[in-house]
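Read off the chains here:
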Amino acid sequence: MYIAEARVTSEKASRYLIQLCKHFAHKTPAEYDDKQGRVDFRPGLCLMTAAGDELVVRCEAGTEPELTRVKLIVEDHLVRFGWREKIGVSWAEPDAASGTG
């Protein structure tokens, strides 16, 4: 399993989670509330958690190319939705992203 995680700081973390999930739900299975989201893309899975001003995005896939594809899809949409804030997304392996590795 290949995994990458990004932590995005924004006062609108929950709003972006909902916006992303609603958008993706038009084409692929998605479940969400204002704190958690799950999107099942064909190449892999995206799990999102919003807490305060932080949106944690975790992507998982069976191969590295599939992980890259999921990351690109999610990042592209998040950057577009957050253009006013100039949202940036930096991916890391989960341990590095959480600061425990």
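Just above, that's the structure.
Draft legend 1. The overall build of the protein, seen in detail. Within the protein, the secondary structure is distributed over 3 helices and 6 strands. When the helices and strands of the protein are read in sequence order from the N terminus, they spell out β-α-β-β-β-β-α-β-α. Whereas a compact globule of 101 residues would reach a radius of gyration of roughly 13 Å, the protein reaches 12 Å, a difference of no more than 12%. In terms of overall dimensions, the protein has C-alpha extents of about 35 × 30 × 20 Å along its principal axes. By the burial criterion, 36% of the 101 residues in the protein qualify as buried. Restricting to contacts in the protein with at least 6 residues of sequence separation, those with at least 24 account for 56%. Within the structure as shown, the protein displays about 6200 Å² of accessible surface, and the carbon and sulfur contribution to it stands at 48%.

Draft legend 2. A look at the packing of aromatic side chains. For the coordinates displayed, the defined rule picks out 1 aromatic pair. Aromatic pair Phe24 and Phe41: ring centres 4.9 Å apart, planes at 75 degrees, arrangement edge-to-face. Remark: Phe41 occurs in the loop between strand 3 (36-40) and strand 4 (44-51) and Phe24 occurs in helix 1 (residues 13-24); sequence separation between them is 17 residues. Note on accessibility: Phe24 and Phe41 belong to one class, buried.

What counts as what
Residues numbered from 1 in each chain as written. Predicted model: local features only at pLDDT ≥ 70, side-chain atom pairs only at ≥ 80, totals over all residues. Heavy atoms only, no water. Helix = DSSP H or I, 4+ residues; strand = E, 2+ residues; numbered from the N terminus. Rg over C-alpha atoms; globule rule 2.2 N^0.38 Å. Buried < 20%, exposed > 50% of the residue type's maximum accessible area, 1.4 Å probe, protein only. Contact = heavy atoms within 4.5 Å. Areas by Shrake-Rupley, 256 points an atom, 1.4 Å probe, with all protein chains shown as cover. Phe/Tyr/Trp six-rings, centres within 6.5 Å; stacked < 30°, edge-to-face > 60°.

Interpretation in functional terms is not warranted from these geometric data alone.
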